[in-house]
Amino acid sequence: MSSALTDLFPHPIVQAPMAGGVSVPQLAAAVSDAGGLGFLAAGYKTADGLYQEIKQLRGLTGRPFGVNLFMPQPEYADPAAVDVYAHQLSGEASWYETELGDPDSGRDDGYDAKLAVLLDNPVPVVSFHFGVPRSEVLESLRRAGTFTLVTATTAEEALAVQRAGADAVIAQGVEAGGHQGTHRDIPENDGTGIGLLSLVGQIRETVGIPVVAAGGIMRGSQIAAVLAAGAGAAQLGTAFLATTESGAAPVHKQALTNPLFVRTELTRAFSGRPARGLVNRFLREHGRYAPAAYPEIHHLTSPLRKAAAKAKDPQGMALWAGQGHRMARELPAAQLVEVLVAELADARTALSVFPKGDDLR
């Protein structure tokens with residue numbers, strides 16, 4: 001792993017940037033202070049909102065941290081398909097006594113303005129999701145002293161990341177909670193994601209830049225596994241979603257280990273892009289009909305999701321979670337980092353004393 005990144009934090013633990021109010025400054029600060037790398041999620045925030053969160057985070061910790069940006073999305077959604085889905089959701093709007101959102105509320109998530117904030121007020125690390133930024137953008141951030149990472153879900157995407165000039169790639173396995181960071185949203189590829197260990201191996205054999213592994217990691221032993229596979233660090237999202245400092249709604253945290261929610265599924269139901277969440281009523285009833293239309297569907301369902309959260313109704317919320325959600329631990333974030341580090345050390349010790357081949361006969 002490039003020392004330029006790992007020198008920033010002593011433990012190979014990265015807190016995934018979770019948009020929608022989960023990755024608040026308090027969470028990022030706690031993780032960074034504990035020796036991991038805390039992250040803010042710029043997704044769905046205004047540029048000024050991002051600036052204020054960075055300012056708040058700097059007031060909470062002097063340790064390095066990261067900020068994640070969503071890449072602007074191309075216009076390829078079928079307006080007619082969005083209208084049909086909106087009609088289907090009219091009953092949900094009546095049930096939650098709210099209006100559907102405007103699907104044309106914006107496609108670029110304020111990308112240029114947020115990038116300007118990060119160039120004017122450089123942070124140690126910036127990562128990108130949903131595509132690869134231009135080489136000039138990555139070079140500008142490098143000149144500002146920022147280390148850059150880009151998510152990839154295939155070896156081919158990782159090669160594009162390397163060619164653009166990013167410092168490292170985040171290998172996101174299909175086990176990951178929340179949105180898959182595919183560079184192009186191709187409906188025909190739904191359900192064909194690659195498991196994390198296979199993906200890390202493929203990417204390590206394809207590119208020469210460092211790899212951060214993400215997807216379903218909940219224990220220190222799993223961190224040891226991805227490090228052994230060639231990653232330099234592990235990125236954990238769902239594990240930190242349940243922590244005390246997480247901004248996730250209490251009902252979302254509770255759902256992670258609630259026996260009512262036994263599995264996760266990749267769905268377009270809430271946003272129009274494949275994202276992994278706990279299977280609830282909304283996902284079951286609408287998932288198969290949701291078109292490939294991001295961020296149109298995200299904007300359309302936003303009032304429904306907010307109303308469900310206000311009503312503390314998990315059956316209407318986007319309960320993003322990775323496949324390891326049942327292993328979630330409700331701990332303070334710093335304590336979780338401490339536990340993960342201890343588990344990682346135990347796993348490494350166990351591997352070091354494992355009998356050699358000759359001793360197994």
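Residues numbered from 1 in each chain as written. Predicted model: local features only at pLDDT ≥ 70, side-chain atom pairs only at ≥ 80, totals over all residues. Heavy atoms only, no water.

Peer 1: Looking at this model, I keep getting lost on the nonpolar core. Mind explaining?
Peer 2: Among soluble globular proteins, nonpolar side chains are generally buried collectively. Ile54, Val67, Phe128, Ile223, Leu236 and Phe240 are the most contacted members of the largest nonpolar core, which has 81 residues in total. Here this core gets six residues from one element, more than from any other, and that element is helix α15 (residues 333-352). Counting 18 residues, the second-largest nonpolar core is a separate cluster that includes Tyr85, Ala275, Leu300 and Ala318. (Core = buried A, V, L, I, M, F, W, Y, C linked by side-chain atoms within 4.5 Å. Buried < 20%, exposed > 50% of the residue type's maximum accessible area, 1.4 Å probe, protein only. Helix = DSSP H or I, 4+ residues; strand = E, 2+ residues; numbered from the N terminus.)

Peer 1: Where do I start with the sheet that holds strand β6 (residues 168-172) in this structure?
Peer 2: Consider a sheet: its strands pair through backbone hydrogen bonds, and that pairing is either parallel or antiparallel. What the eight strands build is an open sheet, ordered β1-β9-β8-β6-β5-β4-β3-β2; its pairing is parallel. Sheet topology places β1 (13-15) and β2 (38-41) at the edges, where each strand pairs with a single neighbour. Taking each pair of neighbouring strands and ignoring which way they run, the sheet shows an average axis angle of 25°. Here strand β4 (residues 125-129) pairs with strand β5 (residues 147-152) via four bridges, running parallel. (Pairing = 2+ DSSP bridges. Axes fitted to C-alpha atoms, helices over the stretch in contact; angles between N-to-C directions.)

Peer 1: Any chance you could explain the side chain of Lys45 here in plain terms?
Peer 2: Position of Lys45 among the secondary structure elements: in the loop between β2 and α3 (47-60). For Lys45, a relative accessible area of 18% corresponds to the buried category. Apart from the residues lying within four places of it in its own chain, the contact partners of Lys45 are Glu53, Asp109 and Lys114. (Contact = heavy atoms within 4.5 Å.)

Peer 1: How should I be thinking about the packing of helix α2 (residues 25-33) against α3 in this particular structure?
Peer 2: Where α2 contacts α3, the axes come no closer than 9 Å and their chain directions differ by 40°. Taken together, the axes of α2 and α3 lie oblique to each other. α2 and α3 meet at a crossing whose hand is right-handed. Contact with α2, carried on its side by Pro25, Gln26, Ala28, Ala29 and Asp33, involves Glu53, Gln56, Leu57 and Leu60 of α3 and no other residues of that element. (Parallel < 35°, antiparallel > 145°, perpendicular 65-115°, else oblique. Left-handed = near helix turned anticlockwise from the far one by under 90°.)

Peer 1: Help me understand the environment of Gly178, please; the structure alone is not making it clear to me.
Peer 2: Tracing the chain through its elements places Gly178 in strand β7 (residues 178-179). Sequence-wise, Gly178 and Ser221 are 43 residues apart; in three dimensions their C-alpha atoms are separated by 22 Å. With residues near it in sequence (within four places) discarded, Gly178 still touches Pro274, Ala275, Arg276, Trp320 and Ala321.

Peer 1: How do you make sense of the packing of aromatic side chains when you look at a structure like this?
Peer 2: Two numbers describe a pair of aromatic rings. These are the distance of the centres and the angle of the planes. Counted according to the given criterion, the structure contains five aromatic pairs. Ring geometry for Tyr44 against Phe70: centres 5.3 Å apart, planes inclined by 75°, an arrangement best described as edge-to-face. Here the residue Tyr44 occupies a position in the loop between β2 and α3, and Phe70 occupies one in strand β3 (residues 65-70), the gap between them amounting to 26 residues. When the centroid spacing of 4.9 Å and the interplanar angle of 45° are considered together, the rings of Phe70 and Phe130 count as tilted. Taken together, the positions of Phe70 in strand β3 and Phe130 in the loop between β4 and α7 (135-143) put the pair 60 residues apart, joining distant regions of the chain. (Phe/Tyr/Trp six-rings, centres within 6.5 Å; stacked < 30°, edge-to-face > 60°.)

Peer 1: Explain the layout of surface pockets here, please?
Peer 2: In this approach the atoms are scanned with a rolling probe the size of a water molecule, which exposes any empty space left behind. Here the second largest pocket defines a volume of roughly 440 Å³. For the second largest pocket, the lining is made up of 21 residues, of which Thr182, Asn189, Asp190, Gly191 and Thr192 are closest to its centre. Among the elements that take part in the lining of the second largest pocket, strand β10 (residues 264-267) stands out by supplying three residues, more than any other. A class-by-class count of the residues in the lining of the second largest pocket yields five nonpolar, nine polar and seven charged. (1 Å grid on protein atoms, 1.4 Å probe; cavity = no way out; pocket = protein on both sides within 12 Å on 5 of 7 lines; lining within 4 Å. Points joined across faces, edges and corners; volume = space filled by probe spheres on them. Nonpolar A, V, L, I, M, F, W, Y, C, P; charged D, E, K, R; others polar.)

No statement about biological role is implied by the geometric values presented.
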